[in-house]
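Spelled out from the first residue to the last, the chains are:
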Amino acid sequence: MKSYRKELWFDVPTRRAFINITPQVEACLEESGILEGLVLVNAMHITASVFINDDESGLHQDYEQWLEKLAPHEPVSRYRHNRTGEDNGDAHLKRQVMGREVVVAITGGRLDFGPWEQIFYGEFDGRRKKRVLVKLIGE
Ligand code: ZN
């Protein structure tokens with residue numbers, strides 16, 4: 001069995017963003033030489049997500065509005081977490097809703113997606129360097 005590990009780095013200039021990281025994951029897959037197996041992709045920070053959905057800008061705006069309604073950033077005083085001196089209480093909650101990781105099957109050297117599926121990095125407390133782990137296992 002082969003295994004492969006890589007960290008992808010992001011430094012998003014805004015507080016929140018959704019980034020399609022499918023090309024980076026495909027590059028990892030190609031580099032690994034694995035044809036049959038699984039890939040795990042997870043955010044290594046508790047204020048960011050990795051999730052799968054459609055690469056459609058309307059949907060991303062819907063996420064932004066929906067998450068901001070569920071857990072508004074302001075006022076930061078509404079979150080007990082922010083009593084630690086942080087201002088990212090909302091980002092922890094947004095990450096929980098959007099998820100930590102995805103697992104995708106690898107078949108014939110390709111990501112075995114359903115229709116329109118793409119892998120996204122969801123940033124909820126950006127403006128600093130953060131990592132995503134890509135771990136592949138297979139043959
Ligand atoms: Zn925090």
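Below is a short write-up of the structure. (Residues numbered from 1 in each chain as written. Predicted model: local features only at pLDDT ≥ 70, side-chain atom pairs only at ≥ 80, totals over all residues. Heavy atoms only, no water.)

### Concerning the environment of His92
Here is step 1 of the chain: Along the polypeptide, His92 turns up in helix H3 (residues 89-98).
Here is step 2 of the chain: On the basis of relative accessibility, which here comes to 19%, the residue His92 falls in the buried class.
Here is step 3 of the chain: Put simply, His92 and Ile46 are 46 residues apart on the chain and 6.1 Å apart in space, counted from C-alpha to C-alpha.
Here is step 4 of the chain: Those residues in contact with His92 that sit more than four places away from it in its chain are Ile46, Thr47 and His81. (Helix = DSSP H or I, 4+ residues; strand = E, 2+ residues; numbered from the N terminus. Buried < 20%, exposed > 50% of the residue type's maximum accessible area, 1.4 Å probe, protein only. Contact = heavy atoms within 4.5 Å.)

### Structural notes on helix H1 (residues 22-32)
Here is step 1 of the chain: Listed as buried for H1 are Thr22, Val25, Cys28, Leu29 and Ser32. All buried residues of H1 lie within an arc of 120 degrees about the axis, which places them on one face of the element. Seen from the open side of H1, the exposed residues pointing more than 90 degrees away from its buried face are Glu30 and Glu31.
Here is step 2 of the chain: Where H1 terminates, the next one or two residues include Gly33, which has phi positive at roughly 75 degrees. (Arc of directions from axis to C-beta.)

### Structural notes on the packing of helix H2 (residues 57-70) against H3
Any two packed helices are characterised by how steeply their axes cross, that is the angle between the axes, and by the distance between the axes.
Here is step 1 of the chain: Interaxial distance between H2 and H3 falls to 10 Å at its minimum, and their mutual angle equals 125 degrees. Relative to H3, the element H2 is oriented oblique. Crossing of H2 against H3: the hand is right-handed. Facing Tyr63, Trp66, Leu67, Glu68 and Leu70 of H2, the residues of H3 in contact are Lys94, Val97 and Met98.
Here is step 2 of the chain: When its residues are assigned to classes, the contact of H2 with H3 shows six nonpolar, no polar and two charged. (Axes fitted to C-alpha atoms, helices over the stretch in contact; angles between N-to-C directions. Parallel < 35°, antiparallel > 145°, perpendicular 65-115°, else oblique. Left-handed = near helix turned anticlockwise from the far one by under 90°. Nonpolar A, V, L, I, M, F, W, Y, C, P; charged D, E, K, R; others polar.)

### Brief notes about the pattern of salt bridges
Here is step 1 of the chain: On inspection of all chains with the given rule, the structure shows 13 salt bridges.
Here is step 2 of the chain: In the salt-bridge network here, residues are joined through shared partners; they are Arg16, Glu64, Glu68, Asp90 and Lys94. (Salt bridge = Lys/Arg side-chain N within 4 Å of Asp/Glu carboxyl O.)

### Considering the sheet that holds strand E7 (residues 118-123)
Here is step 1 of the chain: Reading across from one edge, E2-E7-E4 is the order of the three strands in this open sheet, with antiparallel pairing throughout. The sheet is open, and its two borders are formed by strand E2 (17-20) and strand E4 (48-53), each paired with just one other strand. Here the average twist between neighbouring strands, direction ignored, is 25 degrees.
Here is step 2 of the chain: Here four bridges tie E2 to E7, and the two strands are oriented antiparallel to one another. Bridge assignment links Ala17 to a residue of E7, and that residue is Glu123.
Here is step 3 of the chain: Along the sheet, H2 makes contact with E2, E4 and E7, crossing E2 at roughly 145 degrees. (Pairing = 2+ DSSP bridges.)

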